[in-house]
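Coordinates in review
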Amino acid sequence: MAVLNRKEEKIEAVLDRMPKDYTDKDFVDMFIKLYSKDWGKIKANYIKHTQDKIKGTEGKMPKPELYLKQLVELYLENRK
């Protein structure tokens with residue numbers, strides 16, 4: 001099951017509202033403003049993932065802010 005459904009559509013909607021010189025924090029803040037329920041799902045999935053991992057191993061899901069940053073980078077790279 002995907003952590004974020006229709007992610008490209010949502011990333012594009014957030015990017016459309018961002019100034020040219022936005023920061024990663026600006027993007028995350030706008031995403032939370034527009035998609036607070038999805039943000040809650042991302043955070044809940046991260047918490048569940050970190051609780052389920054075996055002690056002493058690294059989790060595969062990045063922190064929620066980094067997860068969104070990676071999604072945006074991938075989206076922009078594929079858009080070129």
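In short, a report on the structure. Only a predicted model underlies this, so the values are computations on that prediction, with no experimental measurement involved.

1. Regarding the overall build of the protein chain
If you tally the helices and strands in the protein chain, you get four helices and zero strands. Ordered by position from the N terminus, the helices and strands of the protein chain form the series α-α-α-α. Here the protein chain, with 80 residues, has 29% of them falling under the buried criterion. In the protein chain, 49% of the contacts between residues at least 6 apart in sequence involve partners at least 24 apart. Working note: accessible area of the protein chain is about 6200 Å², and carbon and sulfur atoms make up 51% of it.

2. Digging into the pattern of salt bridges
In the structure shown here, the tally under the stated rule is five salt bridges. Between arginine 6 and glutamate 9 there is a salt bridge, with its nearest N and O atoms 3.2 Å apart. On the accessibility criterion, glutamate 9 (47% relative accessible area) is partly exposed.

3. Some remarks on the environment of tyrosine 75
Assignment of secondary structure puts tyrosine 75 in helix H4 (residues 64–79). For tyrosine 75 and isoleucine 11, which are 64 residues apart along the polypeptide, the C-alpha to C-alpha distance reads 7.8 Å. Residue contacts for tyrosine 75: discarding those within four places in its chain leaves Glu8, Ile11, Glu12 and Leu15.

4. Describing the packing of aromatic side chains
Applying the stated criterion across every chain, the model contains two aromatic pairs. Ring geometry for tyrosine 22 against phenylalanine 27: centres 6.4 Å apart, planes inclined by 40 degrees, an arrangement best described as tilted. Relative to tyrosine 35, the ring of phenylalanine 31 has its centre 5.4 Å away and its plane inclined at 45 degrees; by these criteria the two rings are tilted.

5. Regarding unusual backbone geometry
Leaving glycine out, the prevailing phi sign among residues is negative, and the prevailing peptide bond configuration is trans. Although it is not a glycine, arginine 6 sits at a positive phi angle of roughly 50 degrees. Relative to the elements of secondary structure, arginine 6 occurs in the segment before helix H1 (7–16). By relative accessible area, which is 53% here, arginine 6 ends up exposed.

6. Some remarks on the packing of helix H3 (residues 36–52) against H4
For the pair H3 and H4, the least separation of the axes is 9 Å and the interaxial angle reads 120 degrees. In the packing of H3 onto H4, the handedness of the crossing is right-handed. Counted together, Trp39, Ile42, Lys43 and Tyr46 of H3 and Pro64, Glu65, Tyr67 and Leu68 of H4 form the full contact between these two elements.

Definitions and cut-offs
- Residues numbered from 1 in each chain as written.
- Predicted model: local features only at pLDDT ≥ 70, side-chain atom pairs only at ≥ 80, totals over all residues.
- Heavy atoms only, no water.
- Helix = DSSP H or I, 4+ residues; strand = E, 2+ residues; numbered from the N terminus.
- Buried < 20%, exposed > 50% of the residue type's maximum accessible area, 1.4 Å probe, protein only.
- Contact = heavy atoms within 4.5 Å.
- Areas by Shrake-Rupley, 256 points an atom, 1.4 Å probe, with all protein chains shown as cover.
- Salt bridge = Lys/Arg side-chain N within 4 Å of Asp/Glu carboxyl O.
- Phe/Tyr/Trp six-rings, centres within 6.5 Å; stacked < 30°, edge-to-face > 60°.
- Axes fitted to C-alpha atoms, helices over the stretch in contact; angles between N-to-C directions.
- Left-handed = near helix turned anticlockwise from the far one by under 90°.

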